[in-house]
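Spelled out, the chains give:
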2 protein chains.
Amino acid sequence: MKQSSRNIAIIGSGLVGSLLSIYLKKMGHTITVFDRRPDIRNVEFSGRSINLAMSNRGWQSLREVGIEDEIKKIAIPLDKRAMHVIGKPMYFQKYGKDGEAIWSISRGVLNRKMIDLAEEAGVEFRFNEKVWNVDLPEATLYTGESEKGEWKAYNYDIIFGCDGAFSRVRHKMQRRSRFDYSQDFIDVGYKELSIPANEDGSHKLDKNSFHIWPRGTFMLIAMPNIDGSFTCTLFMPFEGEVSFESIKTKEQATSFFKTYFPNVRKEIENLTGDFFKNPTSAMVTIKCYPWTYWDKVALVGDSAHAIVPFYGQGMNAGFEDIFALKQIIEKHGDDWGTIFETYQKERKPNADAIAELSYRNFMEMSSKTADAKFLLQKKIEKRFAELHPDKWIPAYSRVTFSNKPYAEALAMGDAQEEIMKEVMQMPDIESLWDSDEVEQKILSLL
Amino acid sequence: MKQSSRNIAIIGSGLVGSLLSIYLKKMGHTITVFDRRPDIRNVEFSGRSINLAMSNRGWQSLREVGIEDEIKKIAIPLDKRAMHVIGKPMYFQKYGKDGEAIWSISRGVLNRKMIDLAEEAGVEFRFNEKVWNVDLPEATLYTGESEKGEWKAYNYDIIFGCDGAFSRVRHKMQRRSRFDYSQDFIDVGYKELSIPANEDGSHKLDKNSFHIWPRGTFMLIAMPNIDGSFTCTLFMPFEGEVSFESIKTKEQATSFFKTYFPNVRKEIENLTGDFFKNPTSAMVTIKCYPWTYWDKVALVGDSAHAIVPFYGQGMNAGFEDIFALKQIIEKHGDDWGTIFETYQKERKPNADAIAELSYRNFMEMSSKTADAKFLLQKKIEKRFAELHPDKWIPAYSRVTFSNKPYAEALAMGDAQEEIMKEVMQMPDIESLWDSDEVEQKILSLL
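Residues numbered from 1 in each chain as written. Chains lettered and ligands numbered in written order. Predicted model: local features only at pLDDT ≥ 70, side-chain atom pairs only at ≥ 80, totals over all residues. Heavy atoms only, no water.

**What about the overall build of chain A?**
Phase 1: Helices and strands together make up the secondary structure of chain A, namely 15 helices and 19 strands.
Phase 2: Computed over C-alpha atoms, the radius of gyration of chain A comes to 23 Å, within 12% of the 22 Å expected from 2.2 N^0.38 for 446 residues, which places it in the range of a compact globule.
Phase 3: Taking the principal axes of its C-alpha atoms as reference, chain A extends roughly 70 × 55 × 40 Å.
Phase 4: Among the 446 residues that make up chain A, the fraction classed as buried is 53%.
Phase 5: Counted over contacts in chain A with a minimum sequence separation of 6, partners at least 24 positions apart contribute 69%.
Phase 6: Distance between charge centres in chain A, computed from 59 positive and 64 negative side chains, equals 2 Å. (Helix = DSSP H or I, 4+ residues; strand = E, 2+ residues; numbered from the N terminus. Rg over C-alpha atoms; globule rule 2.2 N^0.38 Å. Buried < 20%, exposed > 50% of the residue type's maximum accessible area, 1.4 Å probe, protein only. Contact = heavy atoms within 4.5 Å. Lys, Arg positive; Asp, Glu negative; His and termini not counted. Charge placed at Lys NZ, Arg CZ, Asp CG, Glu CD.)

Dropping the structure here:
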């Protein structure tokens, strides 16, 4: 449908804000992006970021607006996990079918590139401009040096809140009656570390793998960057026997890595320096509803649905919001009230589903990897999926290598879980697990 | 244990704030209560309040500080429900055993009395003083005419946030990392209406009853006041066929009451006037954790755990917080860090339990009262409880007429529910329900 040009503000110049600005600019709107932080192109990265895993949903959203190829240049495909298990040689686990891969990208590198592309498209950025208040019914925002200082008012037709998990736009909506909201932190934190490139610029570990050192309640991961380095992330409980709290000195940090990550300790650059310099960050699931206010204000990405990173879908989900929004805008033209209502109704169940899937992955990784019954179940599922790839698509593939709604992936996962519950109750399943009987049982339950 | 006198601020002069001020003052502390609103003793009531039902937990908390008798003077005991069901003559349902009753009190009348009592005890009140910010680690609060205007700083040893469901103190805590928080609104709103006294000052309906007009998705209740009037509350969905949204004119309001509440329509004073003058209020469940910050700040009452009013336990739960806090203070003396840690660990599961029980009561009332199977189950439970009062204490009694922890009441309710699930699966239960067989079945499952 026909679209009239609107004067639109986007709060937040992160990944979602900058991609949305490109989409809307290309539809003919006037776009101003506000960010309270300085231009990320002029500052050092924060040392608190997990590398991104771009998968199908993300690529689809970039393709739609013609920038997929540009972004592929700064991404590295990972077609497998590299498992570094104690007491075993390193081994690989392929992610999906041939050609299926997730792509590792540095958040900072991607963000810089997206802002470049948005500027090229004609988007105006106002960095270092702090939004302190938003008048929702008037779509007016107020900026200033400080919360108590003088403010400047800007009026728009529409405001998008792409200002992340701790969104001020949502915060304003939250103070209204009948706004549902939750924030749930997990007891595990994370810390960024780094493995530099070899002197010739090559990678120190296999560059087409997602490297994992699983250690029960904690784990280390490493994802490659195009400059030959790896960004590592250590996930570990805040408190407890082996925890961030329990590592207070350089000696403790060195001994911790020597004990648990001996095959990579030497590769990690300035290990103890970074360990104490880089912050320990928290992870949170944020849910809210509604996501929009009349035809004036909408939340997109983490501001509407922050999730824990254990499915690698946070950015993908935010990009998919934008892709979905475009289809809805094309259908409803200038009727932004209907656009926003349709958008939130369509996306909310999917956001809830990926939040649940991500949280479950966290629970699996942190508490079930030592559970023999759970591991056996996974083995049975894997065997069946290999025998009947058309009948049993693993949850990971449905989320990562498909564009079908997250809510469907969750529902199918629940259905598979029900089947496996029955299978696991078969007598003597421990020895029967790779038998025809088990295969037939699953077939009969499908 | 010995207690040193502290300089303590309480934010909020509502029921919980004023009772806490009396407790702490009597322990020898210096107490200042701040409230952004004017002194409730000098203003008209708001027209948005549901009458309170004081039950065992509330009375215990008042007794502990020696003001039970004073408050009983402004309360009316209700030992039964008066059911106004369409197509049936009005009938009574006794609440508990002889002598067991809940007590109806007007929120405004009670609040005024509590502030009088607190002042008599030596508590200082600062009304019309708006707290805009709290420095948690310093226990400093900032007040001023407006958020952007000049602020005055007050430093205390300890600050209590008793500022209700939309607490500013909690709000300040919420912006910190690792603070779990949720607010969930229900789709039903409420509106206050009033039945005035007869000319001779007597009540127009039975004064020792909690009057209920259940109508499926909506209902009217009436609770007596000591001046001969009743405070009525209409609970109804915000949107839908029969809803607040669907009643827009005086004619629609009159016809609504004529259709659904014919036996009380004439009694309700200025029906259509109040219907449109009084606000339609929302109801919310709020959960959060932690409730305290170091040894400096603690949340008490609704600010920590707002619940929907369908169990009549909101005030009782808040008062019980204070009762529990006193036991903990007496044990740990001046160690406010331990006091606060113990307080939140002990009270949080109980607050979660009464939130769940209250929400379930809402669900039962709004969606299950038309479910024949559910009603049959309730009949079976009632019969069994009458036959074996020592073996089956109904959930309502455990919550209302006991001081055992809410979490226990919830757990026992869940256990009873499991038993009833099996009972309801007995063949031909519809005709067998009052048989020995069913009674023996329950006995065998206990």
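**Observations concerning the relation of the copies chain A and chain B**
Phase 1: Turning chain A through 180° and shifting it by 0.0 Å along the axis lays it on chain B, with an RMSD of 0.0 Å. Taken together, the rotation and translation describe the operation of a two-fold axis. The rotation axis passes nearest to the C-alpha of S182(A) in chain A, at a distance of 1.9 Å.
Phase 2: Of all interface residues in chain A, 100% are interface residues in chain B too; the two copies therefore contact each other through one and the same surface. (Least-squares fit on C-alpha atoms with pLDDT ≥ 70 in both.)

**Remarks on the interface of chain A and chain B**
Phase 1: Contact with chain A, which involves 26 residues of that partner, is made by 26 residues of chain B.
Phase 2: Here chain A meets chain B over a buried area of about 2100 Å², counting both sides, of which 37% is carbon and sulfur.
Phase 3: Looking at the side of chain A facing chain B, the largest losses of area belong to K148(A), R175(A) and R178(A), adding up to 34% of the total buried there.
Phase 4: Connecting chain A to chain B are 4 salt bridges.
Phase 5: Our count for the contact surface shared by chain A and chain B stands at 14 residue pairs in polar contact (both at pLDDT 80 or more).
Phase 6: At the level of secondary structure, the elements contributing two or more residues to the side of chain A that touches chain B comprise α5 (168-174) and β13 (180-195) of chain A.
Phase 7: Among the elements that line the side of chain A that touches chain B, the one with the most residues is β13(A), at 8 residues. (Buried area = accessible area lost by both parts, 1.4 Å probe. Salt bridge = Lys/Arg side-chain N within 4 Å of Asp/Glu carboxyl O. Polar contact = N/O pair within 3.5 Å; in protein donor to acceptor, adjacent residues only side chain to side chain.)

**Some remarks on the sheet that holds strand β4 (residues 76-78) of chain A**
Remark on secondary structure: sheet strands pair via backbone hydrogen bonds, oriented parallel or antiparallel.
Residues and elements named next belong to chain A.
Phase 1: Here 3 strands make up an open sheet; going across it, the order is β3-β7-β4 and the pairing antiparallel. Each of the sheet's edge strands pairs with one partner strand only, and the pair in question is β3 (52-54) and β4. The sheet shows a mean angle of 40° between the axes of neighbouring strands, taken without regard to direction.
Phase 2: Pairing of β4 with strand β7 (residues 102-105) involves 3 bridges; the strand directions are antiparallel. Its bridge partner lying in β7, L78 is registered against I102. (Pairing = 2+ DSSP bridges. Axes fitted to C-alpha atoms, helices over the stretch in contact; angles between N-to-C directions.)

**Let's talk about the pattern of salt bridges**
Phase 1: Evaluation of the coordinates by the stated rule reveals 60 salt bridges over all chains.
Phase 2: Among the ionic pairs, D206(A) bridges to K80(A), the shortest N-O distance being 3.3 Å. Of this pair, D206(A) sits in the loop between β13 and β14 (209-214) while K80(A) sits in strand β5 (residues 80-83); the two residues are 126 residues apart in sequence, bridging distant segments of the chain.
Phase 3: Taking relative accessible area as the criterion, D206(A) reaches 31% and is therefore assigned partly exposed.
Phase 4: Note on K80(A): relative accessible area 13%, which makes it buried.
Phase 5: A salt bridge links D187(A) to R178(B), with the nearest nitrogen and oxygen atoms 3.9 Å apart. Of this pair, D187(A) sits in strand β13 while R178(B) sits in the loop between α5 (168-174) and β13 (180-195), on two different chains.
Phase 6: Under the relative-accessibility criterion, R178(B) is labelled partly exposed at 26%.

**Remarks on the side chain of N51(B)**
Residue and element names in this part refer to chain B.
Phase 1: Tracing the backbone shows N51 in the loop between β2 (30-34) and β3 (52-54).
Phase 2: Residue N51 is classed as buried on the basis of its relative accessible area, which comes to 7%.
Phase 3: A polar contact is formed between the side chain of N51 and the side chain of S104, at a distance of 3.3 Å.
Phase 4: In this structure the side chain of N51 is engaged in a polar contact, spanning 3.0 Å, whose partner is the side chain of T231.
Phase 5: Beyond its immediate sequence surroundings of up to four residues, N51 is in contact with S104, I105, S106, M223, P224, N225 and T231.

**Re the domain arrangement of chain A**
Residues and elements named next belong to chain A.
Phase 1: Segmentation of chain A into domains returns domain 1 (7-77 + 106-183 + 285-361), domain 2 (185-282) and domain 3 (371-445).
Phase 2: The gap between the C-alpha centroids of domain 1 and domain 2 is 30 Å.
Phase 3: Contact with domain 1, which involves 20 residues of that partner, is made by 19 residues of domain 2.
Phase 4: Across the domain 1/domain 2 interface, buried area totals approximately 1600 Å², and carbon plus sulfur atoms make up 66% of it.
Phase 5: Its largest share of buried area at the contact with domain 2, domain 1 owes to R48, N51 and I76, together 36% of the area lost on that side.
Phase 6: Taken together, domain 1 and domain 2 are joined by 3 residue pairs in polar contact (both at pLDDT 80 or more).
Phase 7: Only β3 and β4 provide two or more residues apiece to the side of domain 1 that touches domain 2.
Phase 8: In terms of residue class, the side of domain 1 that touches domain 2 is made up of 12 nonpolar, 6 polar and 2 charged. (Domains from an automatic or database assignment. Nonpolar A, V, L, I, M, F, W, Y, C, P; charged D, E, K, R; others polar.)

**Some remarks on helix α1 (residues 15-26) of chain A**
Residues and elements named next belong to chain A.
Phase 1: Helix length check: α1, at 12 residues, gives a terminal C-alpha distance of 17 Å against a target of 16 Å (1.5 Å per residue), a fit within 8%.
Phase 2: Within α1, 10 of the 12 residues are buried, which leaves the element mostly enclosed by the surrounding structure.
Phase 3: Every buried residue of α1 is accounted for by L15, V16, G17, S18, L19, L20, S21, I22, Y23 and L24.
Phase 4: A positive backbone phi angle near 105° is found at G28, which sits one or two residues after α1. (Expected span 1.5 Å × (residues − 1).)

**With respect to the packing of aromatic side chains**
How two aromatic rings sit relative to each other is set out by the distance from centre to centre and by the angle between their planes.
All names here are of chain A.
Phase 1: Considering all chains together, one arrives at 57 aromatic pairs over all chains under this definition.
Phase 2: With 5.2 Å between their ring centres and 10° between their planes, Y95 and Y396 make a pair best called stacked. Of this pair, Y95 sits in the loop between β6 (91-94) and β7 while Y396 sits in helix α12 (residues 395-400), and the two are 301 residues apart along the sequence.
Phase 3: According to the relative accessible area criterion, Y95 is buried, its value standing at 9%.
Phase 4: For Y396, a relative accessible area of 18% puts it in the buried group.
Phase 5: Relative to F275, the ring of F244 lies with its centre 6.2 Å away and its plane at 35°, an arrangement referred to as tilted. Of this pair, F244 sits in the loop between β16 (230-237) and α6 (250-260) while F275 sits in helix α7 (residues 271-277), and the two are 31 residues apart along the sequence. (Phe/Tyr/Trp six-rings, centres within 6.5 Å; stacked < 30°, edge-to-face > 60°.)

**Some points on the packing of α1(A) against helix α4 (residues 107-121) of chain A**
Any two packed helices are characterised by how steeply their axes cross, that is the angle between the axes, and by the distance between the axes.
All names here are of chain A.
Phase 1: It is at 9 Å that the axes of α1 and α4 come closest, and there the two elements cross at 20°. Relative to α4, the element α1 is oriented roughly parallel. Where α1 crosses over α4, the handedness of that crossing is left-handed. Across from L15, S18, L19, S21, I22 and K25 in α1, the residues of α4 making contact are R107, L110, N111, M114, I115, L117, A118 and A121.
Phase 2: Of the residues contributing to the contact of α1 with α4, the split by class is 9 nonpolar, 3 polar and 2 charged. (Parallel < 35°, antiparallel > 145°, perpendicular 65-115°, else oblique. Left-handed = near helix turned anticlockwise from the far one by under 90°.)

**Section: the pairing of strand β9 (residues 131-135) of chain B**
Residue and element names in this part refer to chain B.
Phase 1: Sheet topology note: the β9/strand β10 (residues 140-143) ladder contains 4 bridges and is antiparallel. If you follow V134 over to β10, its bridge partner there is L141.
Phase 2: Hairpin remark: β9 followed by β10, antiparallel, with 4 residues in the connecting loop; positive phi at A139, about 50°.

**Let's talk about the nonpolar core**
Buried together is how nonpolar side chains tend to be arranged in soluble globular proteins.
Phase 1: Counting 148 residues, the largest nonpolar core has F160(A) and F160(B) as the members making the most contacts within it.
Phase 2: In this view, F160(B) contacts I8(B), A9(B), I10(B), I11(B), L20(B), L24(B), A298(B), V300(B), L325(B), W336(B) and F340(B); residues no more than four positions away in its chain are not counted. (Core = buried A, V, L, I, M, F, W, Y, C linked by side-chain atoms within 4.5 Å.)

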